[in-house]
Amino acid sequence: ANLQFTFGRAHTNQWKPWEYGKRLKVAKQVEELKNKLAKTPLSAITKWGRVTSFIAEKQSRQEFAPRIGRLIEKAHVEPLHLKNNGCAFLFTLILEFAIEISKLPQNVAEFQKVNTNSPFFRLITSLETEASLSRLAKKVVRLFDEGKGNPKALSYRFTGEESRRFLHNFMYLIKAIECTNDPQPVEFKLHVFAFTCLSLRDTVSLFCRLKIDKKQLDDLEKACQKFFISCALFLQVNPTVWTLGHVVPIDTRELFEMYGKGLALNSIEGREAKHQAISRYAQNSNVLNRWKQVFRHEFVSLVWLRERGYNLTGSSSSKETYIPKRAFQSDHCYCGLPVTGECKYCNSPISTKITKSVQDKLFSPARSGGKKKKGWM
């Protein structure tokens, strides 16, 4: 969560990509340690613990030499899982905060007994009705019931479609847990959630693009900084947040300089869609001839129909952006909430203070190793 350090290949960057020579050196040292431990009567668990501790002391994760050799230096961050993990991270914080301010009685061990006026209940209702995330809502309810009112930490893997729905509708979730007379700390936290989610949405909408230009690269760098600094100042930082804040702008710019494309060039989201299609094909097949029928369906959809002039893979406009269309309409704010005048969140004094705090902590050009640029806010 250090706001003084930056990531990059310049000499002014404190965090730098691992060098290939250092990877090989650490892997060789790990191999020597394993050979040494193999001659001792220690248990397998103890040996493994010493190996992992040794790797951590070297500030590395390199147990073996890279299987693809020096090509590992061309590896870049993958946007799909980064986007999904970022959405899951923020939703988990919102969920935990909703349960905290609901102050549920200890005798409430099932979701059915939760007060319908509590922020937690309203959040689940908003998930189902406004955010179109019913599968996520069912998962939260099940965890709550299994924990008998004390649910364990949410462990849920967002899909690409669920991340898009969350980024389209996160303001409905935040609005659902607000109360009429919220104390100042609660109101401040809700504004922090709104600011951070909005920063994540702007970040995702840029790094998930295949076509990008130089101006959008600069916008991406600024959006990533806003997201990271907001988490560092007001929430918390985990590897996903750090990667979004520091690695994404660098990797996107490198891909653009090499290929003229955005970070979506490195995405596996199309592969995930293919897996979903195969799953649907499998539902309409019998067990004995399942794979034969699945591949037949896939051949018909991808080859046979296309040869005859049919294209079943036309993308809809709703899948081309992570910013909802209503954000650009006159009766809605850019955050996505319907408004009649000024937005309660985006135009509030609290939001102004949060923006000012983040602006004061922006990485300076001298620290980032880049050229001098004018302020952007």
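Residues numbered from 1 in each chain as written. Predicted model: local features only at pLDDT ≥ 70, side-chain atom pairs only at ≥ 80, totals over all residues. Heavy atoms only, no water.

1. Some points on the pattern of salt bridges
Next up, step 1: Enumeration according to the criterion identifies 13 salt bridges in this entry.
Next up, step 2: Notably, a salt bridge pairs lysine 175 with glutamate 178, separated by 3.4 Å at the nearest N-O pair.
Next up, step 3: Of the residues examined, glutamate 178 reaches a relative accessible area of 14% and is grouped as buried.
Next up, step 4: Here aspartate 219 makes a salt bridge to lysine 215, at a shortest N to O gap of 3.1 Å. Of this pair, aspartate 219 and lysine 215 both sit in helix α8 (residues 214-234), four residues apart, which is roughly one turn of the helix.
Next up, step 5: What makes lysine 215 exposed here is its relative accessible area of 58%.
Next up, step 6: It is possible to trace a salt-bridge network through shared partners that takes in Glu161, Arg164 and Arg165. (Salt bridge = Lys/Arg side-chain N within 4 Å of Asp/Glu carboxyl O. Buried < 20%, exposed > 50% of the residue type's maximum accessible area, 1.4 Å probe, protein only. Helix = DSSP H or I, 4+ residues; strand = E, 2+ residues; numbered from the N terminus.)

2. Let's talk about the packing of aromatic side chains
Next up, step 1: Tallied over the full model, the rule gives 14 aromatic pairs.
Next up, step 2: On the basis of an interplanar angle of 75 degrees and a centroid distance of 5.8 Å, the ring pair of phenylalanine 7 and tryptophan 242 is categorised as edge-to-face. In this pair, phenylalanine 7 is assigned in the segment before α1 (20-38) and tryptophan 242 in helix α9 (residues 239-259), connecting sequence segments 235 residues apart.
Next up, step 3: Judged by relative accessible area, which is 14%, phenylalanine 7 ranks as buried.
Next up, step 4: For the pair phenylalanine 111 and phenylalanine 120, a centre-to-centre distance of 5.5 Å together with 85 degrees between the ring planes defines the contact as edge-to-face. Of the two residues, phenylalanine 111 and phenylalanine 120, both sit in the buried class.
Next up, step 5: Following the ring pairs from residue to residue traces out a cluster consisting of Phe5, Phe7, Trp15 and Trp242.
Next up, step 6: Above the face of the tyrosine 322 ring, arginine 164 is positioned so that its terminal group lies 4.7 Å from the ring centre. (Phe/Tyr/Trp six-rings, centres within 6.5 Å; stacked < 30°, edge-to-face > 60°. Lys NZ or Arg CZ within 6 Å of the ring centre and 35° of its normal.)

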